[in-house]
Structures are given as C-alpha cells and as structure tokens.
Amino acid sequence: MKVEKFKVLLYLKKSGLDKFGKAPIMGRITVNNTMAQFSCKLSCTPELWNPRESRLNGKSKEAVDVNAKIDRLLLSVNSAFDSLVERKIDFDATAVKELLQGSVETQITLLKRLDMHIEDMRSRIGIDVAKSSMSTYIYTRRYLGEFIQKRFKTSDVAFGQLNEHIPWEFQDYILKDKGLAVDTVRHYLAILKKICRMAFKEGHAEKRYFVNFKLPQENRKPPRALSREDFEKIRDVVIPPERITHNIARDLFLFACYTGVPYADAVSKYLRKKNEYLARVKLLPEAISLIEKYRSDDRKELFPMIHHPNMRRHMKGLRDLAGISCDLVYHMGRHTFGSLITLEAGVPIETISKMLGHTNLTTTQLYARVTPKKLFEDMDKFIEATSDMKLVL
C-alpha cells in the first residue's frame, strides 16, 4: 500500500464543556482519502489552547501536564501508523485509530514492565532469588524513573518512544548527575536492556531496543587471596582467651579458607543464602574440627553470630595481631580456598567451581590464581611425563 497522505489533527470540542469549564480535546487521523475521529481523553481550559500548534500555551501546571500527555499520544499514533506500514498490508485511518485505542488501553510501558519484573522477583525470594539481589532492581527503578521525568517530562514512556540514544543519555545521567561509578551504571543498563528484550519477546515492543548498545567495560579486579605465609600467621596467631569475639572471628575466617563458604552461609544452618536450599559439601578435617568446637544445642546455626560491621572491625584487629600487611577482609577466605587450599593441592578448576557454587567457570578462574608454587609443580610433572620424548626441530 502506498501512503500518500498521513496527518494527525487535534482540536477542541468547545460545545462539550464540563462543569469546570474545560473542553475535551479531540483528534482526527487522515490516511490518504480516509479519516477517523477519536477522543484524546484529555481536556483543557479553552483560553490556553493554541490551534496552530495543537497544544496549550504557557508554562502553567495544566499546560505542562496536558502537553506532555499530548506528546505521548502523538507518539502512540505514529507508532500505530508505523506498525501498520511495516505489516505491508492495506489499511485506512480507522485501522490506525483501532490499533491506537487498543495499544493505549492495554499498553505495557517501560516502567510498568520493570515493576512487573520486580514483583515477579519478589515472589521468588528464597526460591531462586536472593533478597539482596532486589536492591539493584529497586535502585534501577528509582533512577530510571527520575531520568524519564527529566528527559520526557512524564512519569513513564511507551517502548515506541525510545531511541538508540537513550542508553547513552541514561548512562550520562547516572555518571554525571548522580555521581555513581561505572560498575554501578553497568548493572542499571544491563537491567534496562533486559526489560527491553523481555518486552520484545512478549510483543509489547515492535523491535528489540538497544540490542547493539555495548555495556561499559566492567572494572574487574583480580580477587585477593592470602599467601601461604600470611595464612599460617593467621592460623597460628595466639589470641588471648578473654578476647572471645576475636577468636570467633579468626575461626570463622579459617572456616572460609577451608570451605570457601561466604559469611552469610557460615553463620546459618548452612543453607545457601541465595536460595535457602540445604547445601552438602565434603569438609576438610580442619573445617570439621571448627564445627565441633562451636557445636551447641542452644542455637541452630553453625557458629555464633557476629554482625557484619563488627566482623569487619575484628578482621582489622586480626590483621594487626597476626602481623600481616595486607588489608584483611572476610571474603579473602573464599579466595584463599579457591587458590591456596585447593588449586595448589591439585584440585581441578572445574571441581573448585562446583565447590564454590559458581555457574560460570570464568568467575572461578578469577578466584583460582595460579601461584608460582603451582606453576613449578605443573612444569615438573610435565617434564617428568615427557622425559622420554625427543624434540625434533
């Protein structure tokens, strides 16, 4: 079908004033020689209406609000028209009107779809979603809402209003206006792309937006693990018995070194924090000894609870008592398990990945650094295995 004329006209129906003296705004769609009228479901003070511009004059609250709704309406009309053109079928003004009215009434907008996803995640907390994972989505919703208000002067946008510049503008808003880090905006942009991908698959968007937008490069620093010397200093340090919580903190840290267990799991019944499933792992004798040391019928957890801020403070004290120079944090125990305790002992990295609960081997490769000791041992094994081979040049 060849479209020679497409036009949208907005006008006031001055004969239908309501009790507040406002006139309804009507619309007329023209496609070639066909026309269709529709109600915009908007009204305004007649004196503010500018018939030439099809919008309200001035910067009053009424003018700003109504003009923003008019902009969204016109975008929806054009989106309905473009959708029919892409289908390569014959259509008239009535078809555009019907598609418009159907899409406006049932339209899933960007923030609405994000809200639906957030509610779905809330319903799965404790099943396959960790409660702590929700914070990134909540902050994404907050900042994306603020950005849309600033960029579009409205509380939400249809997917048809998006363009390929939006991710860049949202990225600048987070980095410059909010002063947040690149790694943070990377998470927010990933969620934005995810929602747009879901909307396309579900038919809420005519195309998959931002598919070619590349997320900012992640600033991934190699995880820190203890050297054998520092590990032995912490293991063997003598802590006065009256410093009870320091002793507990040291043992909790050693338990992480021997098992790779995060802090949140160590102070539970060893239910994985992410999904609360009962975890079963084969423990080293040192880890079993620590469990037996703190076994008590008065609590269900493996170890006495130390709140995380206090744990961080005790780790600094432990560093000073052991006389090590590195900045000691609890999660280093997990890294130490992945390199010093397992990889150096010859455990395959695929096995280490399963023991750490990783779904991606790349993550484990960051944890399990190859130490000089491991490198020399592997080369010795290779030399021994190839001792009877001759090198031909």
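This is a predicted model, so every value here is computed, not measured.

A. Layout of the nonpolar core. Residues Ile 234, Leu 252, Phe 253 and Leu 328 are the most contacted members of the largest nonpolar core, which totals 37 residues. Of all elements in the fold, only α7 (228-236), α8 (244-259), α9 (263-266), α10 (285-294), α11 (308-322), α12 (332-341) and α13 (349-356) reach the threshold of two or more residues within this core. In terms of residue count, α8 provides more of this core than any other element does, 9 residues in total. What Leu 328 contacts, discounting residues up to four positions off in sequence, is Leu 226, Ile 234, Phe 253, Met 315, Leu 318 and Arg 319. Among the nonpolar cores identified, the runner-up in size contains 33 residues, and Ile 166, Ile 174, Ala 199 and Phe 213 belong to it.

B. Region of the structure containing the confidence of the model for the protein chain. Put simply, the protein chain has an average pLDDT of 83, and 87% of its residues get 70 or more. Throughout residues 274-279 the model reports pLDDT below 50, and contacts reaching past four residues in sequence, or to other chains, amount to 16 contacts.

C. Fine view of the packing of helix α5 (residues 166-177) against helix α6 (residues 182-201). Two numbers describe how α5 lies on α6: the axes approach to 10 Å, and their chain directions differ by 145°. The handedness of the crossing between α5 and α6 comes out as right-handed. Along its contact with α5, which presents Pro 167, Phe 170, Gln 171, Ile 174 and Leu 175, the element α6 presents Val 182, Val 185, Tyr 188, Leu 189 and Leu 192. Tallied by class, residues from the contact of α5 with α6 come to 9 nonpolar, 1 polar and no charged.

D. Structural view of the sheet that holds strand β2 (residues 23-31). Taken together, the 3 strands give an open sheet; going across it, the order is β1-β2-β3, and neighbouring strands pair in antiparallel fashion. Only two strands of the sheet have a single partner each, and these edge strands are β1 (6-12) and β3 (34-44). If you compare each strand with its neighbour and ignore which way they point, the axes differ by 20° on average. Across 9 bridges, β2 lies against β3 in antiparallel orientation. Of the residues in β3, the one forming a bridge with Gly 27 is Phe 38. Packed onto the sheet, helix α1 (residues 61-86) meets β1, β2 and β3 and runs at close to 155° relative to β3.

Basis of the calculations
- Residues numbered from 1 in each chain as written.
- Predicted model: local features only at pLDDT ≥ 70, side-chain atom pairs only at ≥ 80, totals over all residues.
- Heavy atoms only, no water.
- Core = buried A, V, L, I, M, F, W, Y, C linked by side-chain atoms within 4.5 Å.
- Buried < 20%, exposed > 50% of the residue type's maximum accessible area, 1.4 Å probe, protein only.
- Helix = DSSP H or I, 4+ residues; strand = E, 2+ residues; numbered from the N terminus.
- Contact = heavy atoms within 4.5 Å.
- pLDDT = per-residue confidence, 0-100.
- Axes fitted to C-alpha atoms, helices over the stretch in contact; angles between N-to-C directions.
- Left-handed = near helix turned anticlockwise from the far one by under 90°.
- Nonpolar A, V, L, I, M, F, W, Y, C, P; charged D, E, K, R; others polar.
- Pairing = 2+ DSSP bridges.

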